[in-house]
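# Secondary and tertiary structure notes
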Amino acid sequence: MTTQAGTSVPTPESTSVPTPETVHRPAPWVRTRLRAGPLAAVLMAALAFVTVFLAAAFPRISDRGADAALQDFVRQKGLNPTSLQTTSRTRDYDNAAELDRVRQQLTEKTGRQLTLSQSGLAYGTRALGDRGMGNPGYARIADPPVLSLLYLHDLSARATLTDGTWPTPGTVGGPLPIVISKQAAETIHVGLGDVIDNGVEGSGAQRSTVVVGLYRINDPQDPFWDDLGCPARACLNAAAEHEHWMTSGFVSGDSLAALARWGSNGENFWRLPVDPASLRADRLDRTRNTISSFLTGSGATELIGATGRADLHTASGLPEILTRADQRYRAALPLSTIGPAGVAGVVTVVLCLAAAVTTDRRTAEIQLLRARGGSRTGVLLRLTGEGAATILPAAVLATALALTLLPSPRWGQAVLAALAAALLALLAFPARAALLWSRGKAVGGRRRLVGELAVLAVTAAAVAEVRRRGVGTGGGLDPLLVAAPLLLAVTGGLLLARIEPVAVGRLARLAGRGRGLIGFLGLARAARDGSGRRKPSVLPLLALLIAVTTIGFGATVLDTVDHVRTRAARIATGGDIGVSVPDYTTLPESFTKAAAALPGVRASTGAWVEPKARFVGADQDYTEAYLVVVDPAAYAEIARTVGVGEFDPAKLAVEPGGRETPVPALFSRDLAKRLAAGPAVLRTPNGNGLRTTVAGIIGATPALPDPGKPFVVVAAGPAWERLPDAKRINKWFAVGDIDPEQVRSTLRDNGGGQPTGMAKLIAEEAAAAGRSTHGLPAGYTVHSSGENAAALADDPLQHAAGRLFWYAAAAGAGFALLAVLLTLLRAAPERTAVLARLRTMGLRPRQGLALIMTEALPQALTAVLGGGLTALAAVALLGAAFDISTLVGARVGDVITPALMPVLLPTAGLALLVALAVAVETLIAGRRQIATELRAGEQP
């Protein structure tokens, strides 16, 4: 082959084939980008970690609080109401082994679907008829003492034998061996070995029992003994004219047939307590349906078939208790949800701001990738992969940490919330970058205006609907009620974004007329965004507005709850302190004088409240009513302070005249209707009469804040003159900052005479039952509004809702501060360049820092102030839709109304934090950035 001179034909030997070592391989994109901006990657991972952790933590906190509140609510109801009470008639062949077999079947069947508490499990047999104890010498009041008989499985494990032996089966025709408590034996005067005469059977045969042993209950206050008669002592039955002692005796497990004959019939019982610790708020409906099935459904049929007892019947108060618990949980849901929903809104804005900052920093890079042939999909996938390398590991770690630190049986909602937060953090930057290619298609401000009008319309519709239907008819969480405050915050932010630049621009023009330069430049730049164009910067405003509105709204709810709870406790007490004594005694004058002189007492009065007075009308028909005799001046002050039955004390002044002159009185509304027929007379149980005239009509009065019957209030002076039996005091009321322990001490020192006779027996019975408190005799009570309010507030459901809200408030405030810092960071490059140029023109460092503060603070402080106003508007518009009775702890009709302090305190606190954050960022970052800009070009 010929070739042109000077050329050569390549040969295989001369042709070089590139080896794998010489082939150029581009570095991986993700690794390159992370190495180029390690600080940005770390900060984004940290932001994702915190965001996902909170998203996973809030559902777990809510679940734990709801479960704890449910379990505590059920536990407080007691053992018997929260148990399955199964009964069956006693048969001739029943014995301890048969009862144990039925118990095993019952626990096996019910235990498959319910967790039972073994500590409260009880079963046995009770005689359906109680019998008298007719032996001569036994303690007798009006009637002979009464004995009830039972067999209780494993009695020896809960009682200690003190004398004799445990019962054994009796002989045919002989007395039935029993054991009774030693304390009851001492009270009734029963001796060991006594054969007790229990009357005659219908057939004429003699009923009798023989005491073979005495025992002592190990823990008489143990709830286990509830509904098991009176096993620990002799109890007093105080029925009028039939007062008598009664106690319980126990037989052996092989004497059930004899027990049934002794009581004319017998009933086997099995108490199966449901363990409150096993209950979960998310399974309330399932648990309630399961229990209902065992009561009247297929579960009951299964129990009958398993035990072979057709008359087996199961009852329980647990379904009603669970229904009430479910209602409480649903009533507290709005407050528990508003806080986390506000945090979700603020976090969304912060992530969008972070994406905007990253996009502004990398706009040139993204445009270069597109110019070099990169497709939109390819560029977005690279950006998504870059974020996945930092965000997804942080999200997984945050989710695992939240699930570990906050254990709860439920994890689905937490994982879903964490996944949503992770996706938002991952896709925010690619979505923002995609907008770079669609900006040219924007239709000016028309699209934005249409969007804002749509948000305004949705907000107005939501508020109108919430105000129309209240909390909703379906029960449970009302999404509209939760979303309405957030919609109001968004609408307020959009409105403020329109107003704030115009207002700040006008302030800038006013500042420009002065001699200073800093104020004009700072305000002029505050009226523009980072690109220098005049338009609102919506995102930072939204973050602050949502945070402040949510915090202000929730704080107002909690503040209203505290005030309403205090007022409800004061109304229930009849003042700040209320003292009452039994009918058999009276409060001596020494107590009323000493109590009135206690520190903090602002007004006090003794009162006589007679519940059995009669109001006799002109037609001689009578109505039972409460008669309240008080000192008018002090009682009027108490009524004014409490806010119940307020009146002018001058209206109760008696005009000069004889004993037949009618006495002015305050009447309840239902009694006042009777007065139209003519004059009326009040008569006490002793037959004394008091002519009255109407001085006023009131719906309630402190002594009877929620009376069940009509009432009349008269002044003490004329009542004492005309009703001799009214000159006594059985109640005392006071208002002021009073220590209830000082009142109790005064009552102990000046409590009057000790009870005698039947009253003494009643007092001793109350003491034996553990109802005597604070060292006072039975029936002597001191009520404190502060203690009552504390008792109402001692509710895990209230604590859980309030705790979750404040956690969310702290998180929302923190993210709002981050939004302010991101806004400063976004405007930092352009601002730094301007300040550097001004520095070359003679601007001093302090002036430069003051300029930054003047530029950054107006928007932030305006947003905080706007959020406070929005919170007040939200309370005014939506407050009536919230039912706060559950949070108060008592049924109340109060609604949430706007209050300045609950909104002002968090608003001022957040404004201070924002100002400090701006100042710190200015002092630390601003000075360094300006110095860096001035040194540009120094390096070769």
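How each quantity is defined
- Residues numbered from 1 in each chain as written.
- Predicted model: local features only at pLDDT ≥ 70, side-chain atom pairs only at ≥ 80, totals over all residues.
- Heavy atoms only, no water.
- Helix = DSSP H or I, 4+ residues; strand = E, 2+ residues; numbered from the N terminus.
- Buried < 20%, exposed > 50% of the residue type's maximum accessible area, 1.4 Å probe, protein only.
- Pairing = 2+ DSSP bridges.
- Salt bridge = Lys/Arg side-chain N within 4 Å of Asp/Glu carboxyl O.
- Contact = heavy atoms within 4.5 Å.
- Axes fitted to C-alpha atoms, helices over the stretch in contact; angles between N-to-C directions.
- Parallel < 35°, antiparallel > 145°, perpendicular 65-115°, else oblique.
- Left-handed = near helix turned anticlockwise from the far one by under 90°.
- Nonpolar A, V, L, I, M, F, W, Y, C, P; charged D, E, K, R; others polar.
- Phe/Tyr/Trp six-rings, centres within 6.5 Å; stacked < 30°, edge-to-face > 60°.
- Lys NZ or Arg CZ within 6 Å of the ring centre and 35° of its normal.
- Polar contact = N/O pair within 3.5 Å; in protein donor to acceptor, adjacent residues only side chain to side chain.
- Patch = residues over 30% accessible without salt bridge, like charges linked within 9 Å, V, L, I, M, F, W, Y side chains within 5 Å.
- Areas by Shrake-Rupley, 256 points an atom, 1.4 Å probe, with all protein chains shown as cover.
- Core = buried A, V, L, I, M, F, W, Y, C linked by side-chain atoms within 4.5 Å.
- Arc of directions from axis to C-beta.

The next subject is the overall build of the chain. Scanning the chain for helices and strands turns up 25 helices and 21 strands. In the chain, which comprises 940 residues, the proportion classed as buried is 48%.

Attention now goes to the pairing of strand β19 (residues 711-715). In terms of residue burial, β19 counts as a mostly covered element, since five of its five residues are buried. In β19, alternate side chains face the same way, and those of F711, V713 and A715 on one face and V712 and V714 on the other are all buried. Inspection of the sheet shows strand β15 (residues 622-630) paired to β19 by five bridges, in the parallel sense. Paired with V629 across the two strands is V714, which belongs to β19. With three bridges joining them, strand β16 (residues 663-668) and β19 adopt antiparallel strand pairing. Its bridge partner being in β19, L666 is matched across the sheet by V713.

Before going further, it helps to spend a moment on the pattern of salt bridges. Taken as a whole, this structure holds 25 salt bridges when the rule is applied. Between R309 and D94 there is a salt bridge; the shortest N-O distance is 2.5 Å. Here the residue R309 occupies a position in the loop between α7 (298-307) and β12 (313-315), and D94 occupies one in the loop between β1 (83-89) and α3 (96-111), the gap between them amounting to 215 residues. Each member of the pair, R309 as well as D94, is classed as buried. A salt bridge links D100 to R103; its shortest N-O distance comes to 2.8 Å.

Within the secondary structure, D254 sits in the loop between β10 (244-250) and α5 (256-262). Under the relative-accessibility criterion, D254 is labelled exposed at 55%. Between the C-alpha atoms of D254 and D94, which are 160 residues apart in sequence, the distance is 8.0 Å. Residues in contact with D254, not counting those within four places in the same chain, are N95 and P169.

Moving on: the packing of helix α8 (residues 318-371) against helix α12 (residues 479-512). As a packed pair, α8 and α12 sit with axes 9 Å apart at the nearest point and diverge in direction by 40°. Of the possible angle classes, the one that applies to α8 and α12 is oblique. When you trace α8 past α12, the crossing you get is right-handed. Note on element contacts: α12 touches α8 through L481, V482, P485 and L486, opposite P334, T337, I338, A341 and G342. In the contact of α8 with α12, the residues fall into seven nonpolar, two polar and no charged.

Summed over all chains, the structure comprises seven aromatic pairs. Taken together, a centroid distance of 6.4 Å and an interplanar angle of 10° make the contact between F49 and F53 stacked. Of this pair, F49 and F53 both sit in helix α2 (residues 38-76), separated by four residues, roughly a single helical turn. Given the relative accessible area of 24%, F49 is considered partly exposed. Where Y215 meets F250, the ring centres are 6.0 Å apart and the plane angle is 65°; that geometry is what we call edge-to-face. Separated by 35 residues along the polypeptide, Y215 in strand β8 (residues 206-217) and F250 in strand β10 bring together distant segments of the chain. F250 carries the same exposure label as Y215, and that label is buried. The ring of F269 carries the charged tip of R126 above its face, separated from the ring centre by 4.3 Å. The ring of Y626 has K709 lying over it, and the distance from NZ or CZ to the ring centre is 5.2 Å.

Note that N80 resides in the loop between α2 and β1. A polar side-chain atom of N80 sits 3.3 Å from a polar atom in the side chain of R271.

Looking now at a nonpolar patch on the surface. A contiguous nonpolar patch, built from L416, L419, L423 and L427 and spanning about 380 Å² of accessible area, is present on the exposed surface. Position of L427 relative to the elements: it lies in helix α10 (residues 412-434).

It is worth spelling out the nonpolar core at this point. In this structure, L544, F553 and V914 are the most contacted members of the largest nonpolar core, which totals 86 residues. Element by element, the count of residues in this core is highest for helix α14 (residues 538-573), at 16 residues. In terms of nonpolar packing, the next biggest core, distinct from the first, is built from 49 residues, V102, Y123, L147 and W245 among them.

The next subject is the pairing of β8. Buried residues dominate β8, accounting for nine of its twelve residues. Note: strand β5 (residues 159-164) against β8, five bridges, orientation antiparallel. Within β8, the residue paired with D163 across the bridge is L214. Sheet topology note: the strand β6 (residues 176-181)/β8 ladder contains six bridges and is parallel. Paired with V179 across the two strands is G213, which belongs to β8.

Right, let's talk about α7 for a bit. Along α7, the residues that are buried comprise G299, A300, L303 and T307. Projection of α7 onto a plane perpendicular to its axis shows the buried side chains occupying an angular sector of 100°, all on one side. Exposed residues pointing more than 90 degrees away from the buried face of α7 are listed as S298, T301 and G305. Looking at the packing, one finds that the buried side of α7 touches α3, α6 (284-296) and β12. Looking one or two places after α7, you find G308, whose phi comes out positive at around 75°.

Here we take up unusual backbone geometry. Residue D154 is not a glycine yet carries a positive backbone phi of 60°. Relative to the elements of secondary structure, D154 occurs in the loop between β4 (146-152) and β5. Even without a glycine there, the phi angle at D227 is positive, about 65°. Mapping D227 onto the fold places it in the loop between β8 and β9 (235-237).

This brings us to the side chain of T287. Considering the arrangement of structural elements, one finds T287 in helix α6. Residue classification places T287 among the buried residues on the basis of a relative accessible area of 13%. When residues no more than four places from it in sequence are discounted, the contact partners of T287 are L114, L279 and L322.

Glancing now at the environment of A715. With respect to the element layout, A715 can be found in strand β19. Note: C-alpha distance between A715 and Y635 (80 residues apart in sequence) is 9.5 Å. Among residues more than four places away in sequence, those in contact with A715 are V629, V630, P632 and L652.

Another point: the environment of V146. Relative to the elements of secondary structure, V146 occurs in strand β4. Judged by relative accessible area, V146 falls into the buried class, the value being 18%. As for V146 and G132, which are separated by 14 residues in sequence, their C-alpha atoms are 4.3 Å apart. Setting aside residues up to four positions removed in sequence, V146 forms contacts with D130, R131, G132, M133, H244, W245, M246 and T247.

What follows deals with the packing of α8 against α10. At a closest axis distance of 8 Å, the pairing of α8 and α10 adopts a crossing angle of 45°. Here α10 runs oblique to α8, going by the angle between their axes. In the packing of α8 onto α10, the handedness of the crossing is right-handed. Between α8 and α10, the contacting residues are T348, L351, A355, A356, T358, T359, R362 and I366 on the first element and L424, A425, A428, F429, R432 and A433 on the second. Of the residues in the contact of α8 with α10, the class split is nine nonpolar, three polar and two charged.

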